[in-house]
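# Survey of secondary and tertiary structure
Residues per chain, in single letters:
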Amino acid sequence: MTVIVELKDVAKSFRVGFRRRRVDAVRQVDFTVNEGEIFGVIGPNGAGKTTTIKMITGLVTPERGTVKVHGISASEVRSREDMGYLPENPYFYEHLTAREMLRFYGQLFGMGGKALEKRAAELIERVGLTEAADRPLKRYSKGMRQRAGIAQALINDPRLVILDEPQSGLDPVGRKEVRDLIFGLREEGKTVLFASHILSDVEAICDRVAVLHLGVLRGVGSVQELTSDATTRYELRVSGFDTKAFEYARTLRESVEDVLLEVDTPAQRDEVLKAVLSAGGTVQSVTPHKESLEDIFMRETKAVS
Amino acid sequence: MNRIWRPILAIAVNSYREALRNKMLGTFGLFAPALVGMSILLGQMSVNQEARVARDMSLWMSTMFGVAIAVYAAITLFHAEIERRTIYTLLTKPITRWQFVIGKYVGVTMLCVTVTAVCFGVSAANVAIAGGEITSTMGFAYVTLFLQLTIITSIAMLLASFSSSLLSGLVTAGVFAAGSLSSQLDVARSSLRETAPQARYLIDAVKLVLPDFQSLNLSTETTYDVTIPLHYIGAASWYAASYVGLTLIATIVILSRRDFT
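Residues numbered from 1 in each chain as written. Chains lettered and ligands numbered in written order. Predicted model: local features only at pLDDT ≥ 70, side-chain atom pairs only at ≥ 80, totals over all residues.

### Regarding the overall build of chain B
Check the secondary structure of chain B and you find 11 helices and zero strands. Listing the helices and strands of chain B from first to last along the sequence gives α-α-α-α-α-α-α-α-α-α-α. Whereas a compact globule of 261 residues would reach a radius of gyration of roughly 18 Å, chain B reaches 20 Å, a difference of no more than 12%. With the C-alpha coordinates aligned to their principal axes, the bounding extent of chain B is approximately 60 × 50 × 35 Å. Burial status across chain B gives 44% buried among its 261 residues. The long-range share in chain B, meaning contacts at least 24 apart out of those at least 6 apart in sequence, stands at 82%. (Helix = DSSP H or I, 4+ residues; strand = E, 2+ residues; numbered from the N terminus. Rg over C-alpha atoms; globule rule 2.2 N^0.38 Å. Buried ≥ 20, exposed ≤ 12 C-beta atoms within 10 Å, placed from the backbone. Contact = placed C-beta atoms within 7 Å.)

### Points about the overall build of chain A
When helices and strands are tallied, chain A shows nine helices and 14 strands. Considering chain A as a whole, with its 305 residues, one finds that 42% of them fall into the buried category. Sequence-distant contacts in chain A: of pairs separated by 6 or more residues, those separated by 24 or more amount to 67%.

### Digging into the interface of chain B and chain A
Between chain B and chain A, the contact holds 25 residues from the first and 25 residues from the second. Counting residues per element, the ones that place at least two in the side of chain B that touches chain A are helix H1 (2-21) and helix H4 (87-91) of chain B. Considering each element in turn, the side of chain B that touches chain A owes the most residues, nine residues, to H1 of chain B. Residue composition of the side of chain B that touches chain A, by class: eight nonpolar, eight polar and nine charged. (Nonpolar A, V, L, I, M, F, W, Y, C, P; charged D, E, K, R; others polar.)

### Here's the deal with the nonpolar core
Met 101 of chain A together with Ala 70 and Ala 74 of chain B are the most contacted members of the largest nonpolar core, which has 141 residues in total. Dropping the residues within four chain positions of it, Ala 74 of chain B is found in contact with Val 108, Thr 153, Ala 156, Met 157 and Ala 160 of chain B. Among the nonpolar cores identified, the runner-up in size contains 10 residues, and Tyr 234, Leu 236, Phe 241 and Leu 261 of chain A belong to it. (Core = buried A, V, L, I, M, F, W, Y, C linked by C-beta atoms within 7 Å.)

### Concerning the sheet that holds strand E14 (residues 282-290) of chain A
Residue and element names in this part refer to chain A. If you walk across this open sheet you meet the four strands as E12-E13-E11-E14, and the pairing is antiparallel. For this open sheet the edge positions go to strand E12 (250-254) and E14, each flanked by a neighbour on one side alone. Each strand of the sheet is rotated relative to its neighbour by a mean of 20 degrees, with strand direction disregarded. Alignment of E12 against strand E13 (residues 259-263), held across four bridges, turns out to be antiparallel. Within E13, the residue paired with Arg 253 across the bridge is Leu 260. (Pairing = 2+ DSSP bridges. Axes fitted to C-alpha atoms, helices over the stretch in contact; angles between N-to-C directions.)

### Some words on the packing of helix H3 (residues 50-83) of chain B against helix H5 (residues 97-129) of chain B
Residues and elements named next belong to chain B. Taken N-terminus to C-terminus, the directions of H3 and H5 make an angle of 160 degrees; their axes are 9 Å apart at the nearest point. As the angle between them shows, H3 and H5 are arranged roughly antiparallel. In the crossing of H3 with H5, the sense of the turn from one axis to the other is right-handed. (Parallel < 35°, antiparallel > 145°, perpendicular 65-115°, else oblique. Left-handed = near helix turned anticlockwise from the far one by under 90°.)

### Quick notes on H5 of chain B
A rise of 1.5 Å per residue sets the reference length of H5 of chain B, with its 33 residues, at 48 Å; its end C-alpha atoms lie 48 Å apart and thus fit the reference within 8%. Backbone geometry just after H5 of chain B places Gly 131 of chain B at a positive phi near 85 degrees. (Expected span 1.5 Å × (residues − 1).)

### Structural notes on the pairing of strand E9 (residues 208-213) of chain A
Residue and element names in this part refer to chain A. With five of its six residues buried, E9 lies for the most part within the structure. When strand E3 (residues 38-42) meets E9, the two strands line up parallel, connected through four bridges. Across the sheet, residue Gly 40 finds its bridge partner in E9, namely Val 209. Here E9 runs beside strand E10 (residues 216-221); their pairing, made up of five bridges, is antiparallel.

### Quick word on the environment of Ser 168 of chain A
Residues and elements named next belong to chain A. Its place among the elements puts Ser 168 in the loop between strand E7 (160-164) and helix H5 (172-187). The class of Ser 168 is partly exposed, set by 16 C-beta atoms lying within 10 Å. Separated by 25 residues in sequence, Ser 168 and Gly 143 have C-alpha atoms that sit 9.6 Å apart. Those residues in contact with Ser 168 that lie beyond four places of it in its chain are Glu 88 and Asn 89.

### Overview of the pairing of strand E1 (residues 3-16) of chain A
Side-chain direction in a regular strand flips from residue to residue, so the side chains alternate between the two faces of the sheet. All names here are of chain A. As paired strands, E1 and strand E2 (residues 21-34) are joined by 10 bridges and run antiparallel to one another. Following the sheet pairing, Ser 13 is matched in E2 by Asp 24. Counting the residues that bridge the hairpin from E1 to E2 gives four residues, and of these Gly 17 lies at a positive phi of roughly 75 degrees. Alignment of E1 against strand E4 (residues 64-69), held across five bridges, turns out to be antiparallel. Within E4, the residue paired with Glu 6 across the bridge is Lys 68.

### A closer look at the domain arrangement of chain A
Each domain of chain A was delimited in the assignment, giving domain 1 (3-226) and domain 2 (231-290). Spacing between the C-alpha centres of domain 1 of chain A and domain 2 of chain A amounts to 45 Å. (Domains from an automatic or database assignment.)

### As for the environment of Lys 104 of chain B
Residues and elements named next belong to chain B. Looking at the element boundaries, Lys 104 is found in helix H5. For Lys 104, a count of 25 C-beta atoms within 10 Å puts it in the buried group. Taking the C-alpha atoms as reference, Lys 104 lies 29 Å from Tyr 232; in sequence the two are 128 residues apart.

### Overview of the packing of H3 of chain B against helix H7 (residues 165-179) of chain B
All names here are of chain B. Across the interface, H3 lies against H7 with an axial gap of 10 Å and an inter-helix angle of 150 degrees. Regarding the angle of H3 to H7, the classification is roughly antiparallel. In this structure, H3 crosses over H7, and the sense of that crossing is right-handed. Seen from H3, the contacting residues are Val 67, Val 71, Ile 75 and His 79; seen from H7, they are Ser 165, Ser 168, Gly 169, Thr 172, Ala 173 and Phe 176.

### Here we look at H3 of chain B
Residues and elements named next belong to chain B. Spanning 34 residues, H3 covers 47 Å between terminal C-alpha atoms, matching the ideal 50 Å at 1.5 Å per step. Judged by how many residues are buried, H3 sits mostly within the fold: 26 of 34 residues are covered. Positive backbone phi, approximately 65 degrees, marks Arg 85, located one or two places after H3.

### With respect to the environment of Ile 38 of chain A
Counting through the fold element by element, Ile 38 of chain A comes out in strand E3. Leaving out residues up to four positions away in the same chain, Ile 38 of chain A has contacts with Ile 182, Arg 186, Val 192, Ile 205, Cys 206 and Asp 207 of chain A.

Printed below as a string of structure tokens:
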């Protein structure tokens, strides 16, 4: 398996404020991103996600450790030849239209002529901006701007696409569009590295995930590897039963027709079910729940905090 | 070669286009009437000297206007890339930081060419209206005005690479004022020779660092139509190129060491 991005023992701190106070943005991060996978970097605000991505893109120089892209040090310009990048809350040249913007970014890769025009037109169509292609970016909505940003990240048809919070500020439709686009990139064989704090999307999209908190890597692996396979709780939807009978059963929702209860162990589940049936009640559903990425996220962040 | 020059040209053209679309040259709408009005007013106050006054006033106003536009454009076009974070999408492309600096500089210089050309056109019309002749000295004065603008642009970009827009603008304006008064430094040096001889080292150091805008200002020569030898223009161009080169190298060094957080 070809390694596309490699971070080894990376650390970075900044000096902030009048007294030049030292802030450790990244303390210890090691991970690799393999060719063709969708790799997510998750963590709460201030976890070091953006700084890590900026070290990969060469905007920030690591204080310690090595960062390599396609086997080349991220400090070298060559490492960015086969890379596309969408920053968090991107701001583009508002005086340009989407077509002009793509032309401009293409020229930065040394592209030009008909090949560039063709590529720009393809991308405009792909991100659904055909109607607005010749409108200045200052008249774009947030979602349209984000799509234009994704188009610029793909102008050079890169093997590695880095997206920093690509779904931030988008409505559910916009989020779905971005998710579909990321799946499309994987189908083309591209490697996608993206940072997000929308955990449901990360869980649905990513092949592997790195969990960062306070600049430290808390875990890396597939969602299945990070979460345990064991069921952690059960949801029971029942009716015709006194919910106060068992102290350990938590009532999640109560209506005239039924009650939604939550218990932790199989023994508790069986005991409640037996009691419901013996009291002449009805069991409408039993749903087992496994540990989610959100559970991992909350557990790791709480443990360190 | 394409991989080196195409990105530089793209950044330069984008900066120039940004300046035009942001209507930076719209201020010419104020410049032209102000120039003609001032020339008429001062011309009437100086009997039979209208053309001379028009030439002097035109060059002075062109210098003020050109410097204001160059400083504003250099700082906004350069600093805005950092403040608005458009630089993130630039420097994550396969371009070096020196290509970025040179591209930005060329873009602002293209704007300076336009500003100087328009100023010359408006000034020539103003002198012609006052009954004066458009002399070669007047043309050379605008060439050296352009050289002053190239230097001031490089200084503004250097300062904008590490300080705020406001501070960069104020310091650049101060450097222009001090550099335009270099003969006053010579006077100060002579007068302090007896009382504070050590001060000459400080004055010499300041003179060495400050650009000599006074030598590039041909206002007296234009007013009295003194012939300018070509070798003077050659020497002035060499001086400006050297100063700009050193300043841009300093800007590149600062920007190369900077993290974009």
